[in-house]
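Topology and contacts: notes
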Amino acid sequence: MAARTVPLRELAHGRTGDKGNRSNISVIARREEYWPLLVAQVTEEAVAGIFAHRRPSKVARYLLPNLQAMNFVLDDVLDGGVNDSLNLDSHGKSLAFLVLDLPVQVPEDLETPTGGDP
Amino acid sequence: MARQPLLIGCGAGFSGDRPDAPEAVVATLSARGGPACLMLETLAERTLALAQLRRREDPQAGYEPLLDRLVGPVLAECLGNGIRIVSNFGAANPTAAARRIDEIARIEGFTNPRIAVVTGDDLSGPAHHALLAERLGEARHPVSANAYLGAEPIAAAWDAGAEIIVTGRVADPSLAVGPAMAHYGWSASDWDRLGRATMAGHLLECGAQVTGGYFADPGYKDVPDIANVGFPIAEVSQDGDCIIGKADRTGGCVTLATVKEQLLYEVHDPAAYLTPDVTADITQAQVTQAGTDLVALTGVRGHERPATLKVTAFYEGGWLAEGGISYAGPGAEARARLAAEILAKRLPELKLRIDLIGVTSLFADDAGRLLAAKVPSDARDVRLRVAARHDQKEAAERLAQEVTALYTCGPAGGGGVRTAIRPRLSTASCFVPREAVKAGFEWVD
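Structure report, in brief. This one's a predicted model, so the numbers in the text were calculated from it and none came from an experiment.

1. Observations regarding the overall build of chain B
For chain B, the helix and strand inventory stands at twelve helices and 18 strands. For chain B, the C-alpha atoms occupy an extent of roughly 75 × 55 × 45 Å along the three principal directions. Each of the 445 residues in chain B was classed as buried or not, and the buried ones make up 53%. A separation threshold of at least 6 residues defines the contact pool for chain B, and within that pool the share at least 24 residues apart is 77%. If you sum the accessible surface of chain B, you get close to 18,000 Å²; carbon and sulfur atoms cover 52% of it. Positive and negative charge centroids in chain B, built from 44 and 55 side chains respectively, lie 5 Å apart.

2. A word on the interface of chain A and chain B
Of the residues lining the interface, 40 residues belong to chain A; the matching set on chain B comes to 49 residues. Carbon and sulfur atoms make up 53% of the area that chain A and chain B hide from each other, which totals about 4,100 Å². For the chain A face of the interface with chain B, the top three residues by lost area are Arg15(A), Asn83(A) and Leu86(A), together amounting to 22%. Linking chain A with chain B are three salt bridges, by the criterion used here. Glu261(B) is the partner of Arg15(A) in a salt bridge, and the nearest nitrogen-oxygen pair spans 3.0 Å.

3. Structural notes on the packing of helix α3 (residues 67-81) of chain B against helix α4 (residues 94-107) of chain B
Residues and elements named next belong to chain B. Interhelical geometry of α3 versus α4 gives an angle of 55° and a closest axis separation of 10 Å. Taken together, α3 and α4 sit at an angle that is classed as oblique. In the packing of α3 onto α4, the handedness of the crossing is right-handed. The segment α3 lies against α4, with Leu-67, Asp-68, Gly-72, Leu-75 and Leu-79 engaging Ala-97, Arg-100, Ile-101, Ile-104 and Ala-105.

4. Overview of the pattern of salt bridges
Think of it this way: side chains of opposite charge can pair up when their charged atoms draw near. All names here are of chain B. Summed over all chains, the structure comprises 29 salt bridges over all chains. For Glu-103, the salt bridge is made with Arg-100, and the minimal N-O distance between the two is 2.6 Å. Remark: Arg-100 and Glu-103 occur in helix α4; sequence separation between them is three residues, near one turn of the helix. According to the relative accessible area criterion, Glu-103 is partly exposed, its value standing at 43%. The closest approach of N and O atoms between Arg-106 and Asp-102, which form a salt bridge, is 2.9 Å.

5. Thoughts on the sheet that holds strand β18 (residues 440-444) of chain B
Residues and elements named next belong to chain B. The strand order β11-β12-β8-β7-β1-β2-β3-β6-β4-β18 describes an open sheet built from ten strands, whose pairing is mixed. Each edge of the open sheet is held by one strand with a lone partner, namely β11 (286-291) and β18. Here the strands of the sheet are splayed against their neighbours by 25° on average, with no regard to which way each runs. Looking at chain direction, strand β4 (residues 115-119) and β18 are connected through five bridges and run antiparallel. Each residue of the ladder has a partner; that of Thr-119, found in β18, is Gly-440.

6. Examining the packing of aromatic side chains
Residue and element names in this part refer to chain B. One pass over the structure, following the stated rule, counts two aromatic pairs over all chains. Both rings, one in Phe-441 and one in Trp-443, keep their centres 5.5 Å apart while their planes meet at 90°; by these two values the pair is edge-to-face. In this structure Trp-443 comes out as partly exposed when scored by relative accessible area, which is 35%. Positioned over the ring face of Trp-158 is Arg-84, at 4.1 Å from the centre of the ring.

Cut-offs and rules
Residues numbered from 1 in each chain as written. Chains lettered and ligands numbered in written order. Predicted model: local features only at pLDDT ≥ 70, side-chain atom pairs only at ≥ 80, totals over all residues. Heavy atoms only, no water. Helix = DSSP H or I, 4+ residues; strand = E, 2+ residues; numbered from the N terminus. Buried < 20%, exposed > 50% of the residue type's maximum accessible area, 1.4 Å probe, protein only. Contact = heavy atoms within 4.5 Å. Areas by Shrake-Rupley, 256 points an atom, 1.4 Å probe, with all protein chains shown as cover. Lys, Arg positive; Asp, Glu negative; His and termini not counted. Charge placed at Lys NZ, Arg CZ, Asp CG, Glu CD. Buried area = accessible area lost by both parts, 1.4 Å probe. Salt bridge = Lys/Arg side-chain N within 4 Å of Asp/Glu carboxyl O. Axes fitted to C-alpha atoms, helices over the stretch in contact; angles between N-to-C directions. Parallel < 35°, antiparallel > 145°, perpendicular 65-115°, else oblique. Left-handed = near helix turned anticlockwise from the far one by under 90°. Pairing = 2+ DSSP bridges. Phe/Tyr/Trp six-rings, centres within 6.5 Å; stacked < 30°, edge-to-face > 60°. Lys NZ or Arg CZ within 6 Å of the ring centre and 35° of its normal.

Structural data, given as structure tokens:
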């Protein structure tokens, strides 16, 4: 079947939390039918890839199928965390939107909120 | 005998939250009637260290600076309607906060409010020196060191009839678990119920973050009347399950999406969300829409609590210097990049963090790897931001001076210089045996 590429934001929403030098980012399916696409493509490898410049020592993905949600836990990605980082966003609160920009392949006829290509 | 359900409203999610938020929450709790409490969470990790520094300057200070504005407008209604207040706004000086509330209550005509102060979290004194030195090292003396207490001292104060319970450091969800535990008479080893109430507290603890705050993404996630976002109210059942709603006649929304985002906020392994009270497990959790702006959370489980308590200590950590200057129009990005090169040459003693706001900033890293990989573009509205830390204030001040001097010595057309120098705090955490921490409560009269 023909496929098109959409940013993850079309299929999911999420929020970042921080504790020390560890960030957690939720990725939550907007609709139940998007969930399998997320499980297949929003993987530990894919997320580790977009965080490569922050040198995560570990990326773990936890699946919560009841909620159609996944939780990524990234270790050592906050330049020491809120008290040490020199980033304006020392909590890393913006980082969910780095993940939500991940390109995802979807079937051509899948209905998404804007339906547009990235 | 079945108890009437307990309503817990949250009127603040951090120090710096909207001080007028509790009013609509308390009005709603009053209108509903029945057992209720107002929870105010105002104590992020660093907030406590900053409070401890204020207390050093003034022995009567060190509690939430917005205390009067948070509590003043609602205190009479809470005391008059049996709505109890539970808050960590005591920060580094819960006794002083309690005395201040007592003064406000007397002005409002309540002569003998029952105010309890939870004690035992502050480990910065000599009695705990050896305990902490063993775990965190002898070299430095902390500005603050506090154990995360749990729900038990709050529940004990509630049982004893406290109308207002002032704490310092407790785990945020424990502000909700304590009242539920006392109201329903749960034991401290009723893991499933404690786990459920913990996640209810977790949904409440960031205030509007569960009711449409920190959620809007125009076109993707729209939130009605967000400027007037309402704060949450949870109905916690006998079994600890909860239904999250919000204050009447407010904006915002409570949907499956808002609740899921907050449920996972600051969670690591969803099978083991650790607090002093319980190991909560949300792997089987379910959320269901139970009405307009009402979402039920069920299926949370609990396992035995951790054997130790977490302690976080803060230390003086040198100085943070920041400076910024903006460039616009043709060649703006090239001029901002040249300004960054100038600063790097002028300040070899500082390890500079460079951001080109409008090109790359928040997603980047202190080492500059993302910026280095970025092919220069032709961005036309760019703010250069530099930041550095240093143990010596004089060295940090050099950054501010050099950024300011870019007005005359830097690239053409730079404007809007702002600089700031701030003391930094560094932190370290460890775990201590529960027996080493004497948690309890005392009355303030």
